[in-house]
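# Structure assessment
The lines below spell out each chain.
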Amino acid sequence: MRLRGGVATATAERPRASARRVRGGRHSPRGARARETVIPCHGRQRAAYGGCRAGDRRCSGYAEFVPARAASRGGKTPPVGRMLEGEVASVSGVIARMALPPPDPQFVLRGTSAAVHTLHFSCGGQEPDVPILFSGSENGFIHVWNLKTHRVDAALDGHGRKSVYCVQTMGGKEALLSQGRDQRICMWDLAEGRTSVTDSVFTENVGFCRCSLLKVAQGRWLMAMAAKATDEVQVLELPSKTSVCTLKPEVGAKLGMPMCLKLWQLSCGSQPLLLAGYEDGSVVLWNLSTGKALSQLVCHQEPVMSLDFDSEKAKGISGSSEKVLSIWSLNEQQNLQVYKTHKLVNAGISDITIRPDKKILATAGWDHRMRIFGWKKLKPLAVLDYHTATVHCVSFSDHKNPSERLLAAGSKDQRISIWSIYTQT
């Protein structure tokens, strides 16, 4: 797919073009010599307009001819009804280039009564486990959505009606972690219908940097969060809440506040590391053992609003309030370096997430849209245009069956759209 005017548009794969000359006839304007590009014809449309007809010795269903004047415009065939004199429409080319209607959400969840700031799926359980979506809203509620009935199973209120901007499960849907603007991170027990806060951490941070979780052993987690000092990051071990380290920039470094965090490790048992995006547009790689920065890279001119990292490819992506996505890589010496950049149509990225299978990624935009890219080459695949206000968050489901994969998007318009796209990649 490619983007045209904000609409997802299908484009056919085209092999290397070849050219030939044909004297006169239906494929040549006014009988003059014309150079024509040969591209594949799928046969099923060849009798549609008579321009590529079964039995035609020059086409015979194996090729269709794009007139020279069409090829001179970049190979685009004129739309039906607007053909130039003497030119014949390339049937499958026309059909392939017709703008597809924008895809619709599979379903929409309503009822949060406030802007949605965070989403998290829990769908990887065995049957008959019900797939669940957790959402955190500006009014302080966490909604537990049943994805079979499309209704709320429970509404959790543990942040004093202050905005909830992070929710994550801890090893299953019975243990939940949430973070709110009340400067608290809460641990919830949801087993057997319970809806109680079992423990909490007071962050003393007034920002909106989401915490990051990493499972390091059975029942043991690391949690990175913005600390009381505006430029520091604190790492705790859960559930003991033991302090692991506090990451402080060097004296004189003006990174500003941490805006987004990503704990990761190359493999189970390897050294955990932290990627942090800062207010000055930098991404910093931290060593948790030494508490020192391993590498720093200025990726943006504005604060880094969101980032995600693929530890298998040692490659990450970040977005800001600019019109640019920055893709960066980590070399064997653990140095960050810019891999490439991608310019966007509209400014402002709220959230970025790479799908667990590392095939595609999604961005949440201030322009009310979600954009889908191929992760390998950052090829634009689709623009999902449903919401009427800023999209704050996007999340991919963890379904074990690829055909059941879902994408959820939460918006300031108080709706959660659920999409089923690229499930067979």
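In this report, we go over the structure that sits alongside the text. Quick caveat, the model's predicted, so the values are computed rather than measured.

Reading the values: rules and limits
- Within every chain, residues take consecutive numbers counted from 1 along the sequence as written.
- Local features in this predicted model are restricted to residues whose pLDDT is 70 or higher, and side-chain atom pairs enter the listing and the counts only when it is 80 or higher, whereas totals over whole chains, interfaces and linings include all residues.
- Where side-chain values are given, they derive from all heavy atoms of the structure, hydrogens and water being excluded.
- For the purposes of this entry, the term helix denotes a DSSP run of H or I that reaches at least four residues, the term strand denotes a run of E that reaches at least two, and both are numbered from the N terminus.
- Each residue's exposure class comes from its accessible area (1.4 Å probe, protein chains only) as a fraction of the maximum for that residue type: buried when under 20%, exposed when over 50%, partly exposed otherwise.
- Note on definitions: a residue-residue contact is assigned when non-hydrogen atoms from the two residues lie within 4.5 Å.
- Throughout, the Shrake-Rupley method with a 1.4 Å probe supplies accessible areas, and for residues the shown protein chains are the sole cover considered.
- Pairing between two strands requires that DSSP report at least two bridges joining them.
- Centres within 6.5 Å make a pair out of two Phe, Tyr or Trp rings, where for Trp the six-membered ring is used; the pair is then stacked when the planes are under 30 degrees apart, edge-to-face when over 60, and tilted otherwise.
- To sit over a ring, a charge needs its Lys NZ or Arg CZ within 6 Å of the ring centre and within 35 degrees of the ring normal.
- Interaxial angle, 0 to 180 degrees, is taken between N-to-C directions of lines fitted to C-alpha atoms, where a helix line uses only the stretch in contact.
- Throughout this description, the term salt bridge denotes a Lys or Arg side-chain nitrogen within 4 Å of a carboxyl oxygen of Asp or Glu.
- To qualify as a nonpolar core, a set must consist of buried Ala, Val, Leu, Ile, Met, Phe, Trp, Tyr and Cys residues joined through side-chain atoms within 4.5 Å.

## A few points about the overall build of the chain
From N to C terminus, the chain includes 2 helices and 33 strands. The buried share of the chain, taken over its 425 residues, is 52%. If you take every contact in the chain between residues at least 6 apart in sequence, the share linking residues at least 24 apart comes to 45%. Element-wise, carbon and sulfur atoms account for 49% of the exposed surface of the chain, whose accessible area totals about 20,100 Å².

## Comments concerning the pairing of strand β33 (residues 415-419)
Most of β33 sits out of view: 5 of its 5 residues are buried. Neither face of β33 is left uncovered, since the one carrying R415, S417 and W419 and the one carrying I416 and I418 both have all their residues buried. As defined by bridge partners, strand β6 (residues 107-110) adjoins β33 across 4 bridges and the pair is classed as antiparallel. Looking at the pairing, F107 lines up with I418 of β33. Summarising the sheet, strand β32 (residues 407-411) and β33 pair through 4 bridges and their orientation is antiparallel. Across the sheet, residue A409 finds its bridge partner in β33, namely S417. Counted between consecutive antiparallel strands, the loop separating β32 from β33 contains 3 residues, among which Q414 sits at a positive phi close to 75°.

## A look at the packing of aromatic side chains
According to the stated counting rule, one finds 2 aromatic pairs in the structure shown. Ring geometry for W264 against F309: centres 4.6 Å apart, planes inclined by 45°, an arrangement best described as tilted. In this pair, W264 is assigned in strand β19 (residues 258-264) and F309 in strand β23 (residues 304-310), connecting sequence segments 45 residues apart. The buried category is assigned to F309, whose relative accessible area is 7%. With centroids separated by 6.0 Å and ring planes inclined at 15°, the aromatic side chains of F309 and W328 adopt a geometry described as stacked. One end of the pair, F309, is in strand β23; the other, W328, is in strand β25 (residues 324-330), with 19 residues separating them in the sequence. Cluster of aromatic residues (ring-pair linked, three or more members): W264, F309 and W328. The ring of W375 is capped by K315, whose NZ or CZ atom sits 4.3 Å from the centre of that ring.

## Quick word on the sheet that holds strand β7 (residues 116-122)
In a beta sheet, neighbouring strands are held together by backbone hydrogen bonds and run either parallel or antiparallel to one another. Strand order in the open sheet made by the 4 strands is β7-β8-β9-β10, with antiparallel pairing throughout. This sheet does not close on itself; its edge strands, each paired only once, are β7 and β10 (151-157). Averaged over neighbouring strand pairs, the angle between their axes works out to 20° when direction is ignored. Here 5 bridges tie strand β8 (residues 132-137) to strand β9 (residues 141-146), and the two strands are oriented antiparallel to one another. Across the sheet, residue F134 finds its bridge partner in β9, namely V144.

## A short note on unusual backbone geometry
Here the bond from L238 into P239 is cis, since omega is 10°, no more than 30 degrees from zero. One non-glycine residue, E192, adopts positive backbone phi at about 55°. Structurally, the position occupied by E192 is in the loop between β13 (184-189) and β14 (196-202). The phi torsion at E204 lies on the positive side, around 60°, for a residue other than glycine. You can see E204 is positioned in the loop between β14 and β15 (212-217). Overall, E204 belongs to the partly exposed group, its relative accessible area being 36%.

## Points about the sheet that holds strand β30 (residues 380-385)
Read across the open sheet, the 4 strands follow the order β27-β28-β29-β30; overall the sheet is antiparallel. Each of the sheet's edge strands pairs with one partner strand only, and the pair in question is β27 (349-354) and β30. Pairs of neighbouring strands in the sheet enclose a mean axial angle of 15°, with direction left out of account.

## Considering the pattern of salt bridges
The final tally for this structure, using the stated rule, is 16 salt bridges. The partner of D199 in a salt bridge is K241, and the shortest N-O contact between them spans 3.0 Å. With D199 in strand β14 and K241 in the loop between β17 (233-238) and β18 (242-247), this residue pair connects regions lying 42 residues apart in the sequence. A residue is classified by how much of its surface remains accessible, and D199, at 28% relative accessible area, is partly exposed. A relative accessible area of 33% means that K241 is categorised as partly exposed. In this structure, R210 engages D351 in a salt bridge whose closest nitrogen and oxygen atoms are separated by 3.6 Å.

## Focus: the environment of M187
Turning to its location among the elements, M187 is positioned in strand β13. Judged by relative accessible area, which is 9%, M187 ranks as buried. The sequence separation of M187 and V167 amounts to 20 residues, and the corresponding C-alpha distance is 9.9 Å.

## A word on the nonpolar core
Residues L247, L274 and L288 are the most contacted members of the largest nonpolar core, which totals 18 residues. Where this core is concerned, the elements lending two or more residues are β16 (220-226), β17, β18, β19, β20 (273-278) and β21 (282-287). Excluding its chain neighbours within four sequence positions, the residues that come into contact with L274 are A224, V233, L247, L261, K262, L263, W264, V284, L285, W286 and L288. Counting 15 residues, the second-largest nonpolar core is a separate cluster that includes I360, A362, I372 and L381.

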